[in-house]
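Here's the letter readout for the chains.
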Amino acid sequence: MSPPAARQRYIANKHENNSLLKKPKKFLNATLRRENEKSGAAKTNNRKYQNERSPENVNVGVHTAFKTFVSARLCSAICADISDCDETYNYWEPLHYIIYGQGLQTWEYSPQYALRSYTYILLQGVPGWIYERIFHPTPILIFYMVRCMLGFGCALMERFMYKSICQEFGVHIGRLWLIFQLFSAGMFISSTALLPSSFAMYFGCAALAAWWQQMYALSVFFMAIATLLGWPFAVLIGLPIAIDMLWRKQMFRTFFMWSAISAATICIPMIVIDSSYFGKLTFAPLNILWYNVFTSHGPNLYGTEPWSYYIVNGFLNFNIIWLLSLLTPMMLVIDFIVVPAKTKSTLNFPRYITLAPYYLWLVVFISQPHKEERFLFPIYPLISLCGAITVDVYQRIFYRLKTLMVQIKAGTVGSHYLDHTMFIAILVMVIGTLLGLSRVFSLYRNYHAPMDLVMELNHFKNSNEYRSSRLYNVCVGKDWYRYPGSFFLPARNFRIRFLKSEFRGLLPAYYADGENATRITHPYFNDMNQENDYMYFPYENCHFLIDFDADKCTSLEPCYSKNSKDWSVMKSLPFLIQEKSNSFFRAFYIPFLTDSYTVYGNFNLLKSKKMKPS
């Protein structure tokens with residue numbers, strides 16, 4: 001006979017999986033209570049009523065969860081800053097070009113390399129283009145409209161995933177995952193980022209959710225979208241799905257038929273669109289794979305990091321949930337030994353294959369020399385899932401040890417393990433939520449200044465000094481990578497310009513004027529990240545200048561705001577000086593303490609006192 005804890009877990013999982021899809025009856029608990037009271041409240045009925053009220057039966061409906069996800073993602077769309085310059089120059093700038101006919105072009109979009117796909121940009125660009133043509137809003141409104149659209153799409157994926165997690169892993173794990181997702185700083189950053197890695201997260205995790213519900217055809221199709229339209233490396237997420245279909249289930253016909261249908265549906269339009277933009281036959285996913293895997297230089301030109309980079313980054317974005325997720329395999333082994341379940345499992349898949357995408361991704365990307373925060377975006381929801389599973393395992397082990405060491409009081413023989421261990425889940429949820437909110441607030445407080453600062457140019461556009469016939473040059477020097485993009489400029493007669501600084505890499509340049517600008521091959525682009533002077537602009541022709549004053553002045557990076565002869569300060573906002581601030585207190589905001597351990601400089605928007613015509 002199986003141990004009480006294992007037996008209760010089996011019954012609870014079966015009940016949870018069957019009850020999740022049923023529409024809850026109104027006043028069910030109140031009706032049961034009245035009936036029990038009228039019938040004399042027999043012991044058996046009392047026990048039944050107590051079980052109805054127990055923590056494991058407190059379900060958060062799918063629709064309620066969806067509403068909370070939408071609220072959280074819209075907050076991200078409005079408040080999150082752009083944390084990666086790759087998002088600005090490789091995606092927001094080409095999108096600005098598609099909508100307005102002008103924008104900055106990087107070497108990845110040069111026809112001789114063609115590493116990026118215009119098809120992916122068009123998915124976001126078409127709604128923005130329609131919005132612009134009908135309502136003629138300012139560019140900044142289109143920016144936030146696209147962001148809200150991305151956030152809503154992320155919430156749809158999370159709704160689908162929440163339902164699948166509750167069915168496959170249990171309602172309690174689903175509840176934990178819901179809380180971890182809502183208050184995760186990592187999801188706050190990634191959910192509305194215009195990046196292929198975020199796009200791969202949407203559809204890669206949707207593919208996993210479909211797989212857990214045994215919707216194999218939909219899973220293959222979603223995986224194809226994540227890999228071909230999003231990020232080719234997302235194929236790692238789909239590898240366990242393929243193993244399950246081909247090795248465990250031997251669903252050869254379904255796998256190959258839907259792989260062919262998905263490839264034809266996605267690749268044919270993609271090749272047609274990209275070939276039209278680049279002026280030659282182009283399949284962008286193949287080009288980016290070739291550059292990153294088979295070239296001698298590849299992405300390592302843009303910096304390398306030790307293996308500990310992702311450990312630290314994971315803690316910043318998921319705090320203790322990240323640490324718990326790393327322990328999941330070990331905890332599942334301990335759970336199997338301490339709490340053996342001899343009855344047949346209600347799970348559709350064994351844990352070693354359902355969680356394989358997460359650990360496979362970590363093994364591959366930790367081993368790569370070039371590391372970036374966005375490379376982990378596709379598995380962010382899986383971090384929350386594995387963290388939730390670890391918490392659940394801790395609770396089961398605690399309950400099992402308690403039953404072995406302490407005699408359970410009479411009348412609680414049929415109790416559920418959650419009745420005695422919910423304090424563990426609540427403690428983790430509270431700590432994770434507080435640290436997540438602390439991190440989000442710290443990010444907004446420390447790094448949001450550039451987005452607010454550039455929007456100040458809209459006030460100049462409404463002033464008497466503004467001339468619609470004039471071209472205004474907005475210059476950036478050492479802070480080029482903090483520039484949020486052309487959508488923040490108030491009109492098409494404002495242009496971003498780059499001043500020479502200590503940076504020695506390749507900067508973007510404007511698309512050429514006229515038709516077929518995307519087909520033009522420029523001599524100043526290269527794939528070796530080698531500096532080209534063509535991108536630099538004369539200092540004396542700048543009308544505005546964006547500069548972070550941290551009291552570090554060099555000949556190439558002077559403190560422009562101190563040059564009162566040439567510049568006046570239009571607006572100044574505080575911005576964190578990282579090297580002068582404590583690493584913990586700059587990462588997490590702690591009331592009454594953070595201000596004592598952090599130092600801020602002034603992020604300035606400067607206006608030229610000369611205003612020379614360009």
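Small disclaimer: the values here were computed from a predicted structure and weren't measured. (Residues numbered from 1 in each chain as written. Predicted model: local features only at pLDDT ≥ 70, side-chain atom pairs only at ≥ 80, totals over all residues. Heavy atoms only, no water.)

Observations regarding the overall build of the protein chain
Put simply, the rule reads: A helix here means a DSSP run of H or I that spans at least four residues, while a strand means a run of E at least two residues long, and both kinds are numbered starting from the N terminus. Partly exposed residues are those whose accessible area sits between 20% and 50% of the maximum for their type, while under 20% is buried and over 50% is exposed, using a 1.4 Å probe and protein chains only.
Helix and strand content of the protein chain: 24 helices and seven strands. Burial analysis of the protein chain (614 residues in total) assigns 54% to the buried set.

Some words on the state of the cysteines
The test is simple: In what follows, a disulfide is any cysteine sulfur pair within 2.5 Å.
Throughout the structure, instances matching the rule amount to two disulfides. With a sulfur-sulfur separation of 2.0 Å, cysteine 475 is cross-linked through a disulfide to cysteine 542. In this structure the cystine formed by cysteine 475 and cysteine 542 twists about its S-S bond by roughly -95°; its chirality is therefore left-handed. Within this pair, whereas cysteine 475 is found in strand β2 (residues 472-476), its partner cysteine 542 is found in the loop between β4 (509-510) and β5 (544-549), the two being separated by 67 residues in sequence. Here cysteine 475 matches cysteine 542 in class, with each residue buried. Covalently, cysteine 553 is tied to cysteine 559 through a disulfide, its sulfur atoms 1.7 Å apart. Taking the torsion about the sulfur-sulfur bond, which here is approximately -90°, the covalent link between cysteine 553 and cysteine 559 counts as left-handed. Cysteine 154 supplies the cysteine sulfur nearest to cysteine 205, a cysteine that is in no disulfide, at a spacing of 8.8 Å.

Some words on the sheet that holds strand β3 (residues 494-498)
Using the following cut-off: Strand pairing is assigned whenever DSSP identifies at least 2 bridges connecting the two strands. Each axis is a line fitted through C-alpha atoms, taken for helices only over the stretch in contact, and angles between the N-to-C directions span 0 to 180 degrees. Contact criterion: two residues are considered in contact whenever any of their non-hydrogen atoms come within 4.5 Å of each other.
Read across the open sheet, the five strands follow the order β3-β2-β5-β7-β6; overall the sheet is mixed. Because the sheet does not close on itself, it has two edges, and the strands there are β3 and β6 (567-576). In this sheet, adjacent strand axes meet at a mean angle of 25° when their direction is disregarded. Note: β2 against β3, five bridges, orientation parallel. The partner of valine 474 across the bridge, within β3, is isoleucine 496. The sheet contacts of helix α20 (residues 418-447) involve β6 and β7 (600-608), and relative to β6 the element is tilted by about 155°.

Re helix α10 (residues 196-212)
Stated precisely, the cut-off is as follows: One fewer than the residue count of a helix, multiplied by 1.5 Å, yields its expected span.
The end-to-end C-alpha separation of α10 is 24 Å, in line with the 24 Å expected for 17 residues at 1.5 Å each. Most of α10 sits inside the fold, with 16 of its 17 residues counted as buried. Immediately downstream of α10, the backbone of glutamine 214 shows phi near 60°, a positive value.

Details of the packing of aromatic side chains
Threshold: Aromatic rings from Phe, Tyr and Trp, taking only the six-membered ring of Trp, are treated as a pair when their centres fall within 6.5 Å; an angle between ring planes under 30 degrees marks them as stacked, one over 60 as edge-to-face, and anything in between as tilted.
Scanning the entire structure with this criterion turns up 63 aromatic pairs. Note on phenylalanine 460 and phenylalanine 494: the rings are 6.4 Å apart at their centroids and 85° apart in plane angle, and the pair reads as edge-to-face. Here phenylalanine 460, found in helix α22 (residues 457-461), pairs with phenylalanine 494, found in strand β3; they are 34 residues apart in sequence, far enough to count as distant. Ring centres 5.7 Å apart and planes at 25° place the aromatic pair tyrosine 539 and tyrosine 560 in the stacked group. Separated by 21 residues along the polypeptide, tyrosine 539 in the loop between β4 and β5 and tyrosine 560 in the loop between β5 and β6 bring together distant segments of the chain. When its relative accessible area of 29% is taken as the criterion, tyrosine 539 is described as partly exposed. Through a chain of ring-to-ring contacts, the aromatic side chains of Tyr89, Trp480, Tyr481, Tyr483, Phe498 and Phe503 assemble into a single cluster.

Focus on the side chain of serine 442
Within the element layout of this structure, serine 442 appears in helix α20. Taking the relative accessible area as the measure of exposure, serine 442 reaches 2% and is therefore buried. With sequence-adjacent residues up to four places away left out, serine 442 is seen in contact with Arg586, Ala587, Phe588 and Tyr589.

What to know about the UniProt feature "transmembrane region" (unreviewed entry) in the protein chain
Threshold: UniProt positions are given in the numbering used here, feature names are shortened, and annotations may be inferred rather than shown by experiment.
When the UniProt feature table is mapped to this numbering, "transmembrane region" (unreviewed entry) covers residues 141-162, 174-195, 215-243, 255-273, 315-337, 349-367 and 420-441. Counted over residues 141-162, helix gives 100% and strand 0%. Its end C-alpha atoms are 31 Å apart. Overall, residues 420-441 shows 100% helix and 0% strand. The separation of its end C-alpha atoms is 34 Å.

Here we look at the packing of helix α19 (residues 380-405) against α20
Put simply, the rule is: We call a crossing left-handed when the near helix sits turned anticlockwise from the far one by less than a right angle, and right-handed when that turn is clockwise. For this classification, Asp, Glu, Lys and Arg are treated as charged, while Ala, Val, Leu, Ile, Met, Phe, Trp, Tyr, Cys and Pro are nonpolar and the rest, including Gly, are polar.
Viewed as axis vectors pointing N to C, α19 and α20 meet at an angle of 145°, and their least axial separation amounts to 9 Å. Crossing angle aside, the handedness with which α19 passes α20 is right-handed. Contacts from Val391, Tyr394, Gln395, Phe398, Tyr399 and Lys402 of α19 reach α20 at Leu418, His420, Thr421, Met422, Phe423, Ile424, Ala425 and Val428. Looking at the contact of α19 with α20 residue by residue, the class counts come to ten nonpolar, three polar and one charged.

Focus on empty space enclosed by the protein
Test applied: For each structure, a 1 Å grid was placed over the protein atoms alone; sets of points admitting a 1.4 Å probe that cannot get out are labelled cavities, open sets with protein on both sides within 12 Å along at least five of seven lines are labelled pockets, and lining residues have an atom within 4 Å of a point. Grid points are joined across faces, edges and corners, and a volume is the space filled by probe spheres set on the points.
In the structure shown here, the tally under the stated rule is four cavities of 30 Å³ or more. In this structure, the largest cavity occupies an estimated 140 Å³ of space. Along the walls of the largest cavity sit 15 residues, with Leu115, Arg116, Ser117, Pro196 and Gly230 positioned nearest its centre. For the lining of the largest cavity, the secondary-structure elements that each account for two or more residues are α11 (216-230) and α14 (284-294). Among the residues forming the lining of the largest cavity, the class breakdown is twelve nonpolar, two polar and one charged. Taken together, Ile179, Phe180, Phe183, Ser184, Asn317, Phe318, Asn319, Ile321, Gly432 and Thr433 make up the full set of residues lining the second largest cavity. Those elements that place two or more of their residues in the lining of the second largest cavity are α8 (171-182), α15 (308-326) and α20. In terms of residue count, the dominant contributor to the lining of the second largest cavity is α15 (four residues).

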